[in-house]
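Coordinates in review
So the chains spell out like this:
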Amino acid sequence: MLPFKQSEDALKDKRRLKWACRRGMLELDVLFEPFVEQAYDELSEDDKAIFRRLVTCDDPDLFAWFMGHKECPDAELTKMIDFMLSRVKV
């Protein structure tokens, strides 16, 4: 979980977004941090908003979705998760 919950609007600043991508789990850190560095700037504004929304989710949910233990109930977030997994090689 994030040290403090940030709104999607607050995450529009890339420095804050990078900070929010520092998760409490190494498994998530190795996905989020490289993605922000390597691919975030290339996203459309709509996809950036989806990514910022993904970042506000709780770590246990993110872990389950990225590891395939649970299906994400949101189609847009699922698409972003799939895209992130295709871009970041761990």
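Residues numbered from 1 in each chain as written. Predicted model: local features only at pLDDT ≥ 70, side-chain atom pairs only at ≥ 80, totals over all residues. Heavy atoms only, no water.

The next subject is the overall build of the chain. Secondary structure summary: the chain contains five helices and zero strands in total. Along the chain, helices (α) and strands (β) appear in the sequence α-α-α-α-α when read from the amino end. The long-range fraction of contacts in the chain, counting pairs at least 24 apart against all pairs at least 6 apart in sequence, stands at 57%. Accessible surface computed for the chain: about 5400 Å², of which carbon and sulfur atoms make up 53%. (Helix = DSSP H or I, 4+ residues; strand = E, 2+ residues; numbered from the N terminus. Contact = heavy atoms within 4.5 Å. Areas by Shrake-Rupley, 256 points an atom, 1.4 Å probe, with all protein chains shown as cover.)

What follows concerns the confidence of the model for the chain. Confidence along the chain averages 88 in pLDDT terms, with 87% of residues attaining 70 or more. No element of the chain has a lower mean pLDDT than helix α1 (residues 14–20), at 88, and none a higher one than helix α4 (residues 59–66), at 97. (pLDDT = per-residue confidence, 0-100.)

Moving on to the environment of Ile81. Inspection of the secondary structure puts Ile81 in helix α5 (residues 75–87). Ile81 sits 19 residues away from Leu62 along the chain, and the two C-alpha atoms are 9.0 Å apart.

Once that is clear, we can look at the packing of helix α2 (residues 26–38) against α5. Contact geometry for α2 and α5: axes closest at 10 Å, N-to-C directions at 80°. The orientation of α2 with respect to α5, classified from their angle, is roughly perpendicular. Here α2 contributes Leu31, Phe32, Phe35 and Gln38 to the contact with α5, which in turn contributes Met80, Phe83, Met84, Leu85 and Arg87. The class makeup of the residues in the contact of α2 with α5 is seven nonpolar, one polar and one charged. (Axes fitted to C-alpha atoms, helices over the stretch in contact; angles between N-to-C directions. Parallel < 35°, antiparallel > 145°, perpendicular 65-115°, else oblique. Nonpolar A, V, L, I, M, F, W, Y, C, P; charged D, E, K, R; others polar.)

Here the focus is α4. Inspection of α4 places Asp59, Leu62, Ala64, Trp65 and Phe66 among the buried residues, and these make up the whole buried set. Immediately beyond the C-terminal end of α4, within one or two residues, lies Gly68, with a positive phi of roughly 80°. (Buried < 20%, exposed > 50% of the residue type's maximum accessible area, 1.4 Å probe, protein only.)

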